[in-house]
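Here is what each chain is made of, one letter per residue.
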Amino acid sequence: QVGFQEFLTPQADTRAHEHAPVAAAVDSPLGAARAQIHDTYILAQTRDGLVIVDQHAAHERLVYERLKREREAHGIERQVMLIPAIIEMDARDAERLVDAAPLLASFGLGLDSFGPGAVAVREIPSLLKNGDAKRLIRDLADTLAEDDNSAAPLEKKLDHVLATMACHHSVRAGRRLTGDEMNALLREMETTPGSGQCNHGRPTYVELKLTDVERLFGRK
């Protein structure tokens, strides 16, 4: 099975980039990718309509579910950093991260204190090895600060950590995708529970039947 790979280069071109449809994919629930619009939305053709996918929202949800399954099955695979990343921040944020270190370790993230107002990141989830570790840690600090001020149960806090990590690995708006990458994303969405909504509860795609489109143009 072809997996969705993120080997992409940012593009400023906002035109639609058309791709020939894969015949068999047209009969799939989310159809065959036909174009990428504004380097942000995937336009797919189904047998009786069309589907528009928000590539960032959709991939963020897929990564979230992948990390969740991995953690529940055998723990998130981690990679030791050759040179620890030293990240300076507000002393209270650093304290929250150090206090949450045992929890974060279960997500494949190894860190410890590096003096007042700093942490040293020594291990990161393998899935995020090419990401921006400093930005991830600062975003996690913000997540922990928000949860610190709420009565959210532990399970919800775990979800917030997973969602923050998933956001850092997801393909961004403005990244051009090949036809194979778009179709691989569609196929993975079809087999992933909950992929119809992003981690923030917004839809990852909308579907229009051909009859709906024809009605818009007064043909029905």
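Residues numbered from 1 in each chain as written. Predicted model: local features only at pLDDT ≥ 70, side-chain atom pairs only at ≥ 80, totals over all residues. Heavy atoms only, no water.

Asks: What is the right way to read the packing of helix α2 (residues 91-99) against helix α4 (residues 133-148) from this model?
Replies: In helix packing, the relevant descriptors are the interaxial angle and the interaxial distance, both defined with respect to the helix axes. Relative to each other, α2 and α4 sit at 85 degrees, their axes nearing to 9 Å. By the angle class used here, α2 and α4 are roughly perpendicular. Of the residues in α4, those touching α2 at Arg92, Asp93, Arg96 and Leu97 are Ile137, Leu140, Ala141, Leu144, Ala145 and Asp148. Split into classes, the residues belonging to the contact of α2 with α4 amount to 6 nonpolar, no polar and 4 charged. (Axes fitted to C-alpha atoms, helices over the stretch in contact; angles between N-to-C directions. Helix = DSSP H or I, 4+ residues; strand = E, 2+ residues; numbered from the N terminus. Parallel < 35°, antiparallel > 145°, perpendicular 65-115°, else oblique. Contact = heavy atoms within 4.5 Å. Nonpolar A, V, L, I, M, F, W, Y, C, P; charged D, E, K, R; others polar.)

Asks: Help me understand the confidence of the model for the chain in this model?
Replies: The predicted structure's coordinates, where accompanied by low pLDDT, should not be read in detail. Scored by pLDDT, the chain comes out at a mean of 85, with 86% of its residues at no less than 70. Contacts for the low-pLDDT stretch residues 5-15, under 50 throughout, to residues beyond four places or in other chains number 24 contacts. (pLDDT = per-residue confidence, 0-100.)

Asks: Before we go on, may I ask you to explain the nonpolar core in this structure?
Replies: Among soluble globular proteins, nonpolar side chains are generally buried collectively. Counting residues in each nonpolar core, the largest one holds 30 residues, and the members touching the most others are Met89, Leu97, Leu109, Leu111, Val121 and Ile137. Elements with a contribution of two residues or more to this core: α1 (55-74), β5 (78-88), α2, α3 (101-105), β7 (118-125), α4 and α5 (154-169). Among the elements that make up this core, the one with the highest residue count is α5 (6 residues). Once you skip the residues sitting within four places of it in the chain, leucine 109 turns out to touch Leu104, Val121, Glu123, Ile124, Pro125, Ile137 and Leu140. With 14 residues, the next largest nonpolar core counts Ala33, Val51, Leu62 and Met189 among its residues. (Core = buried A, V, L, I, M, F, W, Y, C linked by side-chain atoms within 4.5 Å. Buried < 20%, exposed > 50% of the residue type's maximum accessible area, 1.4 Å probe, protein only.)

Asks: I would appreciate a short explanation of the pattern of salt bridges in the present structure.
Replies: Pairing is possible between side chains of opposite charge, provided their charged atoms come close. Throughout the structure, instances matching the rule amount to 12 salt bridges. One salt bridge connects lysine 209 with glutamate 207, and the closest N-O pair in it is separated by 3.1 Å. Given a relative accessible area of 32%, lysine 209 falls into the partly exposed group. Aspartate 212 serves as the salt-bridge partner of arginine 215, at 3.1 Å between the closest nitrogen and oxygen. On the criterion of helical spacing, the pair formed by arginine 215 and aspartate 212 is a turn pair, its members being 3 residues apart in helix α7 (residues 210-216). Taking the relative accessible area as the measure of exposure, arginine 215 reaches 49% and is therefore partly exposed. The partly exposed category is assigned to aspartate 212, whose relative accessible area is 28%. Three or more residues are tied together by salt bridges with common partners; here these are Asp48, Glu207 and Lys209. (Salt bridge = Lys/Arg side-chain N within 4 Å of Asp/Glu carboxyl O.)

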